[in-house]
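Structural features, examined
Spelled out, the chains give:
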Amino acid sequence: MTLRAATADDLDAIMTIEHRSFPTDAWSQEAMALELSSPHGLYLVDEHEGTVIGYGGVRALRGSADADIQTIAFDAEFRGAGRGRALLRALLDTAAERGAREVFLEVRADNPGAEGLYRSEGFEEIGRRPRYYQPDDVDAIVMRLVLQHARGAATDAAEEATA
C-alpha cells in the first residue's frame, strides 16, 4: 500500500474512480480540482503498482475544532482489503495534526460497508439528511468522531494496563 498526497496530475485517475464509484452523483471535475488545490484540506491517493486505485480527502482548517471527511473511494477490486481503513486513519491523523477535536462525515444509507467501517473506527450517527443523495433519493447518515475521546480512551487503557 502506497499513500501519498494527491496532486493536480492525479485528477484524471481520481475522476475515473469517482465516476465508477458514484455513477449517479459523482463530483464534477471542476469541484474535485478545487478540492485538490485547496489549502484547507488534504487529499491522499493510494497506488498499487504505480496506478491510483483509491483516494480520499479531509477538509481541516488549521486551528479549527472540527474537520470533515469529504470522500473516500476505491476501485471495486481493492475494496474490503483494509485499504479504506488505512486511508481513513491517515485522514484522521491529518485532522488531528491540524487541531481538530471532532470529525464529521456523511455516508449513503445504502452503503453498509462504508457505514460499518466508520462505526468500527468510532464514528457515531448523529443525524440523517433525508433524500440527500440525488437523483437516487438516498438518505445521508451524518456521523461524528470525537478525536480527543478516542485518544483519551486509548491513554486510559494504556495506563490501566501498566497499573
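Thresholds, definitions, all that
- Residues numbered from 1 in each chain as written.
- Predicted model: local features only at pLDDT ≥ 70, side-chain atom pairs only at ≥ 80, totals over all residues.
- Heavy atoms only, no water.
- pLDDT = per-residue confidence, 0-100.
- Contact = heavy atoms within 4.5 Å.
- Helix = DSSP H or I, 4+ residues; strand = E, 2+ residues; numbered from the N terminus.
- Buried < 20%, exposed > 50% of the residue type's maximum accessible area, 1.4 Å probe, protein only.
- Pairing = 2+ DSSP bridges.
- Phe/Tyr/Trp six-rings, centres within 6.5 Å; stacked < 30°, edge-to-face > 60°.
- Axes fitted to C-alpha atoms, helices over the stretch in contact; angles between N-to-C directions.

1. Overview of the confidence of the model for the protein
Predicted confidence across the protein gives a mean pLDDT of 91, with 91% of residues reaching 70 or more. For the stretch residues 149-163, pLDDT sits under 50, and the model shows two contacts to residues farther than four places along the chain or on other chains.

2. Considerations on the environment of Tyr 55
Looking at the element boundaries, Tyr 55 is found in strand β3 (residues 51-59). A residue is classified by how much of its surface remains accessible, and Tyr 55, at 0% relative accessible area, is buried. Linking Tyr 55 and Tyr 118, residues 63 residues apart in sequence, is a C-alpha distance of 16 Å. Every residue in contact with Tyr 55, bar those within four places of it in the chain, is listed here: Ile 14, Ile 17, Glu 18, Phe 22, Met 32, Leu 44, Val 45, Thr 71, Ile 72, Ala 73 and Leu 87.

3. Details of the pairing of strand β7 (residues 138-146)
Direction of pairing for strand β5 (residues 102-108) relative to β7: antiparallel, over a ladder of seven bridges. If you follow Glu 102 over to β7, its bridge partner there is Val 146. As judged from the six bridges shared by strand β6 (residues 124-133) and β7, these two strands associate in the antiparallel manner. From the neighbouring strand, Glu 124 faces β7, where its bridge partner is Arg 144.

4. So, the environment of Ile 72
Residue position: Ile 72 is located in strand β4 (residues 66-74). Using a relative accessible area of 15% as the deciding quantity, one classes Ile 72 as buried. Residues Ile 72 and Ala 114, spaced 42 residues apart in sequence, show a C-alpha to C-alpha distance of 9.2 Å. Not counting residues up to four positions away in its chain, the partners in contact with Ile 72 are Phe 22, Tyr 55, Gly 56, Leu 87, Leu 88, Leu 91 and Tyr 118.

5. So, the packing of aromatic side chains
A complete count under the given rule lists two aromatic pairs for this structure. Between Tyr 132 and Tyr 133 the ring centres are 5.0 Å apart and the planes differ by 85°, which places this aromatic pair in the edge-to-face class. Note on Tyr 133: relative accessible area 14%, which makes it buried.

6. Considerations on the sheet that holds strand β1 (residues 2-5)
Read from one edge of the open sheet, seven strands run β1-β2-β3-β4-β5-β7-β6, paired in mixed fashion. With partners counted over all chains shown, the strands left at the sheet margins are β1 and β6, one partner each. Neighbour to neighbour, the strand axes of the sheet diverge by 25° on average, direction disregarded. Its contacts with the sheet put helix α3 (residues 83-97) on β1, β2 (41-48), β3, β4, β5 and β7, and the angle it makes with β4 is roughly 155°.

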